[in-house]
Amino acid sequence: MNISAEVENSTGEGNSRMAQQKISGHRKKIRKKKKIVFLPYKASMWDSMESIWQAAKADKENCRTYVMPLPYREASTGKWYCELELFPDYVPVIDCRKTNLAALQADIIYIHNPYDGENTLTSVAAEYYSGELRKYTKQLIYVPYFVAGNYLEPGFASVPGVLNAHHVVVESDQVKGWYEQHYRKYCQQHQIAPDENKFLALGSPKFDKVRSSNPEDFSIPKEWQQTLRGRKAVLFNTTLAATKLHRNVFLAQLRYVFQVFQCQEEFVLWWRPHPFLMTMLRIEQPETFKMYQDLVGQYRQAGWGIYDDSAELNRAISCTAAYYGDYSSVVYLYQETGKPVVIQSFSSAAKNCMYMTIDRFLLGFSMLRHQRSQAELPAAWHFVQGKQIIFY
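Residues numbered from 1 in each chain as written. Predicted model: local features only at pLDDT ≥ 70, side-chain atom pairs only at ≥ 80, totals over all residues. Heavy atoms only, no water.

A. Just a positive patch on the surface, in detail. A cluster of basic residues, Lys33, Lys57, Lys60 and Arg64, forms a positive patch on the protein surface. Mapped onto the elements, arginine 64 comes out in strand S2 (residues 63–67). Take arginine 64: its relative accessible area is 39%, and that puts it in the partly exposed class. (Patch = residues over 30% accessible without salt bridge, like charges linked within 9 Å, V, L, I, M, F, W, Y side chains within 5 Å. Areas by Shrake-Rupley, 256 points an atom, 1.4 Å probe, with all protein chains shown as cover. Salt bridge = Lys/Arg side-chain N within 4 Å of Asp/Glu carboxyl O. Lys, Arg positive; Asp, Glu negative; His and termini not counted. Charge placed at Lys NZ, Arg CZ, Asp CG, Glu CD. Helix = DSSP H or I, 4+ residues; strand = E, 2+ residues; numbered from the N terminus. Buried < 20%, exposed > 50% of the residue type's maximum accessible area, 1.4 Å probe, protein only.)

As structure tokens, then:
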């Protein structure tokens with residue numbers, strides 16, 4: 001039936017209205033929903049996609065969404081993993097072993113792993129490298145699994161996922177400028193024509209997740225509740241970069257932090273090491289790996305602190321009272337909460353008035369919590385108000 005012709009031939013207002021309703025109904029029937037596929041590989045990095053997925057899922061009239069966790073191989077053991085069961089219950093996931101991605105004919109594919117085979121610690125299966133995924137979609141979009149904050153390593157702008165993506169979503173205009181600068185330099189060096197409008201400053205879903213999260217949104221394991229006993233927790237974040245940089249002293253630093261917190265009555269240490277820290281040590285520092293493994297075992301067995309190796313980064317951010325640890329993208333996420341952020345130093349020598357030891361930090365934090373006079377606070381705590389970062 002030619003509905004357009006029917007509209008032209010109709011003579012009355014009622015007939016015209018009826019024809020318009022038919023047109024509208026017909027268009028709804030033939031409108032093709034966009035197939036949008038999300039391909040995370042680490043459940044702990046799902047927050048880098050979640051708000052995009054939520055928006056697409058809510059637009060049921062125009063979008064059909066799929067979340068398919070990718071299998072990845074851990075280089076140190078050669079074992080393969082797929083974290084299907086680790087995603088939130090409200091996120092329906094499909095099994096990659098039962099899904100033909102090429103046959104799905106996705107309009108848009110989102111990824112957060114840009115490394116393909118260039119990551120020395122882990123790798124997704126080769127059939128899911130960005131160069132392959134680009135063949136299966138009209139739009140391959142990379143959303144970084146991290147936030148850059150105040151600095152972007154030049155290499156992040158030339159990893160395979162960036163080069164192969166049609167678009168890269170970044171957190172701000174400033175970060176977009178850094179990506180474009182490093183990307184153009186790489187293209188010039190390799191005599192590649194740069195893609196215009198590759199980088200889009202649309203914000204980071206990671207910030208969306210932090211802003212929308214509340215402690216009540218998360219469940220706390222019973223053993224952690226017993227450890228907390230109503231006390232305030234301090235998030236202790238240890239990273240790959242700092243561990244590599246301070247490889248000769250980082251174990252001593254861990255022992256020192258543990259010693260201070262073990263005696264605390266007011267605060268509990270909530271330790272969340274980088275998910276690939278153990279893997280990195282096994283590969284790059286085998287002489288240290290066993291000592292670190294033993295230290296982790298002793299910490300967990302003692303039970304006076306929390307050891308968090310779960311996929312729930314935002315639970316740790318939301319349910320702790322302050323941040324202490326290495327400088328990383330988690331710092332910028334934690335700043336969004338307005339709670340204190342303190343960066344640990346591996347040096348015992350004070351470089352400026354903002355230097356504090358961990359015990360002085362806890363003393364100052366305790367005084368701040370109990371609303372003591374500002375004049376009584378350690379000098380560095382005058383810099384902690386708002387979203388300032390303290391290095392010590």
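B. Quick look at the pattern of salt bridges. Here the structure, examined in full by the defined rule, presents 15 salt bridges. When the shortest N-O distance is used, the salt bridge between glutamate 284 and lysine 244 registers 3.7 Å. Placement of the pair is glutamate 284 in helix H12 (residues 277–284) and lysine 244 in helix H10 (residues 240–245), with a sequence separation of 40 residues. Three or more residues are tied together by salt bridges with common partners; here these are Asp208, Arg211 and Glu336.

C. Looking closely at the packing of helix H3 (residues 50–58) against helix H8 (residues 205–212). Their axes nearest at 7 Å, the elements H3 and H8 cross at an angle of 85°. Considered as vectors, H3 and H8 are oriented roughly perpendicular to each other. Residues Glu50, Ser51 and Ile52 of H3 form the contact with H8, whose own contacting residues are Pro205, Asp208 and Lys209. Taken together, the residues of the contact of H3 with H8 break down into 2 nonpolar, 1 polar and 3 charged. (Axes fitted to C-alpha atoms, helices over the stretch in contact; angles between N-to-C directions. Parallel < 35°, antiparallel > 145°, perpendicular 65-115°, else oblique. Contact = heavy atoms within 4.5 Å. Nonpolar A, V, L, I, M, F, W, Y, C, P; charged D, E, K, R; others polar.)

D. Representation of helix H11 (residues 250–262) in the model. With 13 residues, H11 should reach 18 Å at 1.5 Å per residue; the first-to-last C-alpha distance of 18 Å fits that figure. Among all positions of H11, only Phe250, Leu251, Gln253, Leu254, Val257, Phe258, Val260 and Phe261 are buried. (Expected span 1.5 Å × (residues − 1).)

E. Up close: the side chain of asparagine 237. The residue asparagine 237 is located in strand S10 (residues 232–238) in this model. For asparagine 237, a relative accessible area of 8% puts it in the buried group. Side-chain polar atoms of asparagine 237 contact the side chain of tyrosine 323, separated by 2.9 Å. Dropping the residues within four chain positions of it, asparagine 237 is found in contact with Arg272, Tyr323, Tyr324, Gly325, Asp326, Ser328 and Val330. (Polar contact = N/O pair within 3.5 Å; in protein donor to acceptor, adjacent residues only side chain to side chain.)

F. Local environment of the environment of glutamate 216. Within the element layout of this structure, glutamate 216 appears in the loop between H8 and helix H9 (222–228). Classification of glutamate 216 as exposed rests on a relative accessible area of 68%. As for glutamate 216 and cysteine 319, which are separated by 103 residues in sequence, their C-alpha atoms are 8.7 Å apart.

G. Here's a closer look at H3. Every buried residue belonging to H3 is among Glu50, Ser51, Trp53 and Ala56, and all of these are buried. Buried residues belonging to H3 abut strand S1 (34–39), S2 and H8.

H. Representation of the environment of lysine 135 within the structure. As for its position among the elements, lysine 135 is in the loop between helix H5 (130–133) and strand S7 (137–142). On the basis of relative accessibility, which here comes to 59%, the residue lysine 135 falls in the exposed class. Between the C-alpha atom of lysine 135 and that of glutamine 105, which follows or precedes it by 30 residues, the distance is 9.7 Å.

I. Structural context of the sheet that holds strand S6 (residues 122–124). Read across the sheet, 3 strands follow the order S4-S3-S6 without closing on themselves; strand pairing throughout is antiparallel. In the strand order of this sheet, the two ends are held by strand S4 (80–81) and S6, each with one partner. (Pairing = 2+ DSSP bridges.)

J. View of the packing of aromatic side chains. Scanning all chains against the criterion turns up 26 aromatic pairs. Between tyrosine 299 and tyrosine 307, the aromatic rings sit 6.5 Å apart at their centres with planes inclined by 65°, giving edge-to-face as the arrangement. Each member of the pair tyrosine 299 and tyrosine 307 is classed as buried. Aromatic rings pair up to connect Phe236, Phe250, Phe258, Trp271, Tyr292, Tyr299, Trp304, Tyr307 and Tyr324 into one cluster. (Phe/Tyr/Trp six-rings, centres within 6.5 Å; stacked < 30°, edge-to-face > 60°.)

K. Structural detail: the sheet that holds S1. Taken in spatial order, the 6 strands line up as S2-S1-S5-S7-S8-S9 in an open sheet, and their pairing is parallel. Each of the sheet's edge strands pairs with one partner strand only, and the pair in question is S2 and strand S9 (199–201). Neighbour-to-neighbour, the strand axes of the sheet open up by a mean angle of 25°, direction not taken into account. The pairing of strand S8 (residues 167–170) with S9 spans 3 bridges and is classified as parallel. Pairing of valine 169 across the sheet is with leucine 200, part of S9. Relative to the sheet, H3 contacts S1, S2 and strand S5 (106–111), its axis offset from that of S2 by approximately 140°.

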